[in-house]
Amino acid sequence: MRSLIHSSRIARKNPNDYEARSNIMWTATWALNTLVEKGKSTDWMVHMLGQAVGAITNATHGMTLSAVSLPYYRYIMKYGLNKFVRFAKNVWNIDDTNRSKEEVASLGLEAMEAWMNELGLIMNISELGATREMVDDLVNATIILEGGYKLLNKEEIKEIFIKSL
């Protein structure tokens, strides 16, 4: 993740920087080829939320992921708190001195949000054409996966989509 952040900032400034762009592709390859998940439980539910948005809006998967990720992560944070704290400290260098785990984890997600904004990513599903009237369709289009920090029900998925608007 640190490599992705570093390379994305370089590529943003110079889109023709081959090394930065190839490093982004290399990190994506490692993230998606499942080698990084060996020996761990993984959470792919954010992808299911994104795929539902793509099915309804015809947006690309990357756009839908950026639009739903922060509301999803904020919702599940308390269920995977130690992992979110580790993410905040190791990826974003959040100092945990005199801070609760919840504060550290939240600051990590705030840092992620700032980085996503810096890159100009889509930050909500309404930017993709989704409306409040579509939320029930989005919920019904979402495949619920086991294996994450929390097995979501349809009401929780609805709440995440509403926060994603």
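See the structure above.
**Quick notes on the nonpolar core**
So, step 1. Of all hydrophobic cores here, the largest spans 42 residues; its most connected members are Leu49, Tyr72, Ile125, Leu152 and Phe161.
So, step 2. Counting residues per element, the ones that place at least two in this core are α3 (45-57), α4 (61-76), α5 (81-92), α6 (101-119), α7 (135-141) and α8 (154-164).
So, step 3. Those residues in contact with Leu152, other than ones at most four positions away along the chain, are Met45, Tyr72, Tyr75, Ile76, Ile144, Ile157 and Ile160.

**Regarding the side chain of Ser66**
So, step 1. When you line up the elements, Ser66 lands in helix α4.
So, step 2. A polar contact of 3.0 Å, which involves the side chain of Ser66, links it to the backbone oxygen of Met63.
So, step 3. Beyond its immediate stretch of four places on either side in the chain, Ser66 contacts Met116, Leu121, Ile122 and Met123.

**Some details on the packing of α4 against α6**
So, step 1. Packing of α4 against α6 leaves a shortest axis separation of 11 Å and a crossing angle of 170°. One finds that α4 runs roughly antiparallel with respect to α6. Residues Ser66, Ser69, Leu70, Tyr73 and Arg74 of α4 touch α6, and the partners they reach there are Leu109, Glu110, Met112, Glu113 and Met116.
So, step 2. Each residue belonging to the contact of α4 with α6 can be placed in one class, and the counts come to five nonpolar, two polar and three charged.

**Quick look at the packing of aromatic side chains**
So, step 1. Enumeration over the complete set of coordinates arrives at six aromatic pairs.
So, step 2. Centre to centre, the rings of Trp26 and Trp30 are 5.7 Å apart; their planes meet at 80°, and the pair counts as edge-to-face. Of this pair, Trp26 and Trp30 both sit in helix α2 (residues 18-32), four residues apart, which is roughly one turn of the helix.
So, step 3. Relative accessible area serves as the criterion here: at 52%, Trp26 is assigned to the exposed category.
So, step 4. Look at Trp30 and you get partly exposed, because its relative accessible area is 35%.
So, step 5. Members of the aromatic cluster, connected to one another through ring pairs, are Tyr72, Tyr73, Phe84 and Tyr149.
So, step 6. One cation-aromatic arrangement involves Lys150 over Tyr79; the distance from NZ or CZ to the ring centre is 5.5 Å.

Rules used throughout
Residues numbered from 1 in each chain as written. Predicted model: local features only at pLDDT ≥ 70, side-chain atom pairs only at ≥ 80, totals over all residues. Heavy atoms only, no water. Core = buried A, V, L, I, M, F, W, Y, C linked by side-chain atoms within 4.5 Å. Buried < 20%, exposed > 50% of the residue type's maximum accessible area, 1.4 Å probe, protein only. Helix = DSSP H or I, 4+ residues; strand = E, 2+ residues; numbered from the N terminus. Contact = heavy atoms within 4.5 Å. Polar contact = N/O pair within 3.5 Å; in protein donor to acceptor, adjacent residues only side chain to side chain. Axes fitted to C-alpha atoms, helices over the stretch in contact; angles between N-to-C directions. Parallel < 35°, antiparallel > 145°, perpendicular 65-115°, else oblique. Nonpolar A, V, L, I, M, F, W, Y, C, P; charged D, E, K, R; others polar. Phe/Tyr/Trp six-rings, centres within 6.5 Å; stacked < 30°, edge-to-face > 60°. Lys NZ or Arg CZ within 6 Å of the ring centre and 35° of its normal.

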